[in-house]
Each structure stands twice: as C-alpha cells, then as structure tokens.
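What the coordinates show
If you want the building blocks of each chain, they are given just below.
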Amino acid sequence: MTRLLETDFREVKVLATCLDSTKAYNLIQEYKPDFIFLDIEMPLLNGFDLLSMFEDLFFDVISRTAYDSYAIKAIKFSALDYLLKPVSKDDLTAAI
C-alpha cells in the first residue's frame, strides 16, 4: 500500500506506517494527518477501538480490510471510504 501510494499518488505524503494500534494513536496525535488508512484487524486493539480512543476525529478515515462484514460499522465511524484487500489502484484512486 505504501509503495503504491509513493509511486502512483505522489500528492499523498505518507507520514508514518504502523502495525500496533496503540503506537498508531500516538502517531496520529503527533502528525495530525488529514486522513488515515485504517486496517480493521490489528494486534491489541482493532481499528474501531483505536478510533474510539479519540474524543474528536479530526482526520478522515479510509478503512481497508479483507472483510466486507465491517462496512456498516465503518460507516458509523464516518469512514470516507471502505477498501477491500487486495486494494486495487482504481479503488484507491476513487478513495483519494
């Protein structure tokens, strides 16, 4: 995903990547991104648990997951888009 963003979407600056949801919370607070790509299934806390840690979502969320069953919950968290893995370039273009 990062490689695709860096090669085909140069207008998107990747500020950080993270596999740990608690570290992700700190990175989001530090970098104050316009939007994040959020995987739903993560170690420790899932993506929804991570979003629940924020009092105010000051960033947009593009959810990405291998499971279509999370779509309704993602919408409730005001997801900007919902990408199923593997993410295609066309779907990523539409989301961005």
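These notes cover the structure that comes with them. (Residues numbered from 1 in each chain as written. Predicted model: local features only at pLDDT ≥ 70, side-chain atom pairs only at ≥ 80, totals over all residues. Heavy atoms only, no water.)

Details of the overall build of the protein
Rule in force here: Strands are runs of DSSP state E lasting at least two residues, helices are runs of H or I lasting at least four, and both sets are numbered from the N terminus onward. The atom set for the radius of gyration is the C-alpha atoms, and the globule formula is 2.2 Å times the number of residues raised to the power 0.38. Summary of the burial criterion: residues with accessible area below 20% of their type's maximum are buried, those above 50% are exposed, and those between are partly exposed, where the area comes from a 1.4 Å probe applied to protein chains only. Residues are treated as being in contact if the distance between any of their heavy atoms lies within 4.5 Å. Each accessible area is a Shrake-Rupley estimate made with a 1.4 Å probe; only the visible protein chains count as cover when residues are assessed.
Along the protein, the regular secondary structure elements total five helices and three strands. When the helices and strands of the protein are listed from N to C terminus, the series reads α-α-β-α-β-α-β-α. Taken over C-alpha atoms, the radius of gyration comes to 13 Å for the protein, in line with the 12 Å a tight globule of 96 residues would show. In terms of its C-alpha atoms, the protein occupies a principal-axis envelope of roughly 30 × 30 × 20 Å. The buried share among the 96 residues of the protein stands at 30%. Residue pairs in contact within the protein that sit at least 24 positions apart in sequence constitute 46% of those at least 6 positions apart. When the accessible surface of the protein is summed, it comes to about 6,200 Å², and 49% of that surface belongs to carbon and sulfur atoms.

Description of the packing of aromatic side chains
To keep things clear, this is the line we draw: Ring geometry is summarised as follows: Phe, Tyr and Trp rings, the Trp one being its six-membered ring, pair when their centres sit within 6.5 Å, and such pairs are stacked at plane angles under 30 degrees, edge-to-face over 60 and tilted between the two. The criterion for a charge sitting over a ring is simple: Lys NZ or Arg CZ within 6 Å of the ring centre, and within 35 degrees of the ring normal.
Applying the stated criterion across every chain, the model contains eight aromatic pairs. Taking 4.7 Å as the distance between ring centres and 45° as the angle between the ring planes, the aromatic pair formed by Y25 and F54 counts as tilted. Of the two residues, Y25 sits in helix α2 (residues 21–31) while F54 sits in the loop between α3 (47–52) and β2 (60–65), which places them 29 residues apart along the sequence. We classify F54 as buried; its relative accessible area is 8%. A ring pair is formed by F54 and F58, whose centres lie 6.0 Å apart and whose planes are at 75°; its orientation type is edge-to-face. Cluster of aromatic residues (ring-pair linked, three or more members): Y25, F54, F58 and F59. Here the guanidinium or amino end of K32 rests over the ring plane of F58, the centre of that ring lying 5.0 Å away.

Details of the sheet that holds strand β1 (residues 35–39)
The criterion, for reference: One requirement defines pairing of two strands: DSSP has to find at least two bridges between them. Fitting a line to C-alpha atoms yields each axis, with helices limited to the stretch in contact; the angle taken between N-to-C directions then spans 0 to 180 degrees.
Taken together, three strands build an open sheet; the order of strands is β1-β2-β3 and the sheet is parallel. One side of each edge strand has no neighbouring strand; the edge strands of this open sheet are β1 and β3 (81–84). Neighbour-to-neighbour, the strand axes of this sheet turn through a mean angle of 25°, independent of strand direction. Pairing of β1 with β2 involves five bridges; the strand directions are parallel. If you follow D39 over to β2, its bridge partner there is R64.

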